[in-house]
Amino acid sequence: MVFTIIEINKHQALLPNITLGFQIFDSCLSVQRSLQGTAWLLTGRGKPILNYRCQKESVMTAVIGESISTSSLSMARFLGLYRMPQVSYFASIPLLSDKAQFPSFLRTFPSDYFQAQLLHYLRNVRFKNSLGDEMYFDVNGDPPALYDVINWQLKPDGTIYYMNVGNFDSGAPSGQKLFVNTSAIQWNKKRKEAPRSVCSESCAAGYRKALQKGHPVCCFDCIPCAAGHISNKTDSSNCWSCPEDQWPNEMRTDCFMKKIEFLSYQEPLGLVLTATGMLCAIVTIIVYRIFIKYKETPIVKANNRKVTYLLLGSLALSFLCSLLFIGEPQVITCLLQQTAFGIIFVLCLSCVLAKTIIVVIAFNSTKPSSNMRRWLDPRVPVVIVSVCTFVQVLVCATWLLLCPPFPEKNMTLKTETIIFQCNECSDSALWCMLGYMGLLACASFLMAFLARNLPDSFNEAKWITFSMLVFLSVWMSFIPGYLSTQGKYMVAVEVFGIISSSAGLFICIFLPKCYIILLRPTQNTRNQLIGKRQYNKFECV
């Protein structure tokens, strides 16, 4: 430093009319001596008296600390009390008053501590030193950064040779500041290629690094991101989860929107169920028209025509109500799905129960001294149907008032799919509705089973027994299937149960009658219906 200051003072072209002075104090690598020397620089006395200045020379403008941070930080705190700027030992120390023009390391200090004849010279100074290197200062007063890249190379005799393999010049054009001759570099063990800095291959996107226990941090395993997580950069230390409505691609490098699943009219399964339900409803309406046309025939008049018409109408509605379960869930469809299904099916079952009760009453009323004849009033089946249906209407109305179903997008049931479904809101209400329907089905089956051995005159009890057996079988198999499926397949199972159980009732009760009406009209007579035989007088002898 002394040599440098002497050289600057010799060359008047560098700092004209300015003479630099200095005071140097050896800290001896001691924090205590560093603080002692700092006080000496401030006061100008060998035995410093703080807050007094006894220097006769020119005012000190800056202090350069040593390279050891422990001492320099202590000096900085001390000098800060006197608002003295501090810089490291390797930095330039121009003294300026225009704060905007301060060197980057001095901009935090008050401008009144600096002088303005120096920035002018620093900006315009450009010379070559004794070694031929060009020296100059930039607009901030900072000198250019010139560095050599040195490679320590081991000679055969064991000595170290310092090989210049490149340089760095901050004043060079962009892209040319750093030059390294890699072919001249000698790596450890005299290798010509750069050694690997890690002991594991890089982890591609979709994986994360996991440190190997007992190995350095440069040794790791590449572990695939967990389900629902991604990493989209090489050597990622962590994977992060996708948003709730998104799912990773197969490589787990990016998130995409989950596909939305519901039983649609456009897909084959939904299309088949829709066509089947509509076809069954049309066939039921056709049979209804047939029974209207042949309403005066004995087979239609038997067992109360009004109940028969009501049963046919409710069966047609049950086929159509299955369509409410197909398509994108809406508020209105979610409200109607289960309630319409429950009420319509109870209406069907109550009609079957009423027909079965009428069969039993009609048979018992023919016995001598029977008092059952009074129950053959046409209003009895109407009362039975109305009471049974009203109970289910009450259950469904309470359900809709207290906790109505609503459409929801279930993102947790399937990891890669958003299931668009109707949330029933209350499982208790749903099972109460289904339980009451099952109770009526069991009652109808029991009544029909007890009446199965009645004379052929009233053989409808056998068909009702068989229809209720089919109905109960369908729904007993439906429950485990319904509970073991998810998403659109759970809805498909319920739609299939509605269609198949309704078809079972329709086929078992009405197909034999349609066969007689359309194909065996000669059997559609009162005598054939009640099973009376025509005896002539010779057969009676």
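Along each chain, the written sequence defines residue order, and numbers are assigned to residues from 1. Side-chain atom pairs in this predicted model are given and counted only at pLDDT of 80 or more, local residue features only at pLDDT of at least 70, and totals for whole chains, interfaces and linings cover all residues. Only hydrogens and water are set aside when side-chain values are computed; all heavy atoms of the structure are taken into account.

A. Focus on the side chain of Ser-34. Helical segments are the DSSP runs of H or I of at least four residues, strand segments are the runs of E of at least two, and each set is numbered from the N terminus. Tracing the sequence through the fold places Ser-34 in helix H2 (residues 31-43). The class of Ser-34 is buried, set by a relative accessible area of 4%. Excluding its chain neighbours within four sequence positions, the residues that come into contact with Ser-34 are Ser-27, Glu-66, Ser-71 and Met-75. Buried, partly exposed and exposed residues are distinguished by accessible area as a fraction of the type maximum, computed with a 1.4 Å probe on protein chains only: under 20%, between the cut-offs, and over 50%, respectively. Note on definitions: a residue-residue contact is assigned when non-hydrogen atoms from the two residues lie within 4.5 Å.

B. Spatial organisation of the sheet that holds strand S15 (residues 406-414). Only strands joined by at least two bridges in the DSSP assignment are considered to pair. Spatial ordering of the open sheet is given by S14-S16-S15, a layout of 3 strands whose pairing is mixed. What marks the edges here is a single partner per strand, and that holds for strand S14 (259-261) and S15. Here the average twist between neighbouring strands, direction ignored, is 35°. Where S14 meets strand S16 (residues 417-423), 3 bridges bridge the pair, whose relative direction is parallel. The partner of Glu-261 across the bridge, within S16, is Ile-419. Between N-to-C directions, angles cover 0 to 180 degrees, with each direction set by a line fitted to C-alpha atoms, over the stretch in contact for helices.

C. Up close: the sheet that holds strand S6 (residues 160-169). An order of S5-S6-S7 is seen for the 3 strands of this open sheet, with the pairing classed as antiparallel. At either margin of the open sheet sits one strand with a lone partner, and together these are strand S5 (146-154) and strand S7 (178-180). Neighbour-to-neighbour, the strand axes of this sheet turn through a mean angle of 30°, independent of strand direction. Here 3 bridges tie S6 to S7, and the two strands are oriented antiparallel to one another.

D. Broad picture of the state of the cysteines. Disulfides are defined as pairs of cysteine sulfur atoms found within 2.5 Å of each other. With the rule as written, the count across this model stands at 5 disulfides. With its sulfur 2.0 Å from that of its partner, Cys-203 forms a disulfide with Cys-222. Taking the sign of the torsion about the S-S bond as the criterion, the disulfide between Cys-203 and Cys-222, at about -95°, is left-handed. Of this pair, Cys-203 sits in the loop between S7 and strand S8 (207-211) while Cys-222 sits in strand S9 (residues 220-224), placing them 19 residues apart in sequence. Residue classification places Cys-222 among the partly exposed positions, given a relative accessible area of 32%. Disulfide pairing places Cys-334 opposite Cys-422 at an S-S distance of 1.9 Å.

E. Summary view of the packing of helix H5 (residues 268-293) against helix H12 (residues 488-519). Look at H5 against H12: their axes get within 10 Å of each other, and the N-to-C directions meet at 25°. When the axis of H5 is compared with that of H12, the two are roughly parallel. Judged by the twist between their axes, the crossing of H5 over H12 is left-handed. Residues Leu-269, Leu-273, Thr-276, Gly-277, Cys-280, Val-283, Thr-284, Val-287, Ile-290 and Phe-291 of H5 lie in contact with H12, whose contacting residues are Tyr-489, Ala-492, Val-495, Ile-499, Phe-506, Phe-510, Lys-513, Cys-514, Ile-517 and Leu-518. Class assignment for the residues of the contact of H5 with H12 results in 16 nonpolar, 3 polar and 1 charged. For this classification, under 35 degrees means roughly parallel, over 145 means roughly antiparallel, 65 to 115 means roughly perpendicular, and everything else is oblique. Take the far helix as the reference: if the near one is turned anticlockwise from it by less than a right angle, the crossing is left-handed, and if turned clockwise, right-handed. Classes in brief: Ala, Val, Leu, Ile, Met, Phe, Trp, Tyr, Cys and Pro nonpolar; Asp, Glu, Lys and Arg charged; the others, Gly included, polar.

F. Molecular detail of the side chain of Asn-151. Mapped onto the secondary structure, Asn-151 falls in strand S5. A residue is classified by how much of its surface remains accessible, and Asn-151, at 11% relative accessible area, is buried. Here a polar contact is recorded for every N or O atom pair within 3.5 Å, except that within protein the pair must consist of a potential hydrogen donor and a potential acceptor, and residues adjacent in sequence are included only if both atoms are side-chain atoms. Polar contacts involving the side chain of Asn-151 include one to the side chain of Gln-153, which spans 2.9 Å. Setting aside residues no more than four positions away along its own chain, Asn-151 makes contact with Tyr-161, Tyr-162, Met-163, Val-165, Ala-184, Ile-185 and Gln-186.

In short, shape yes, function no, at least from these values alone.
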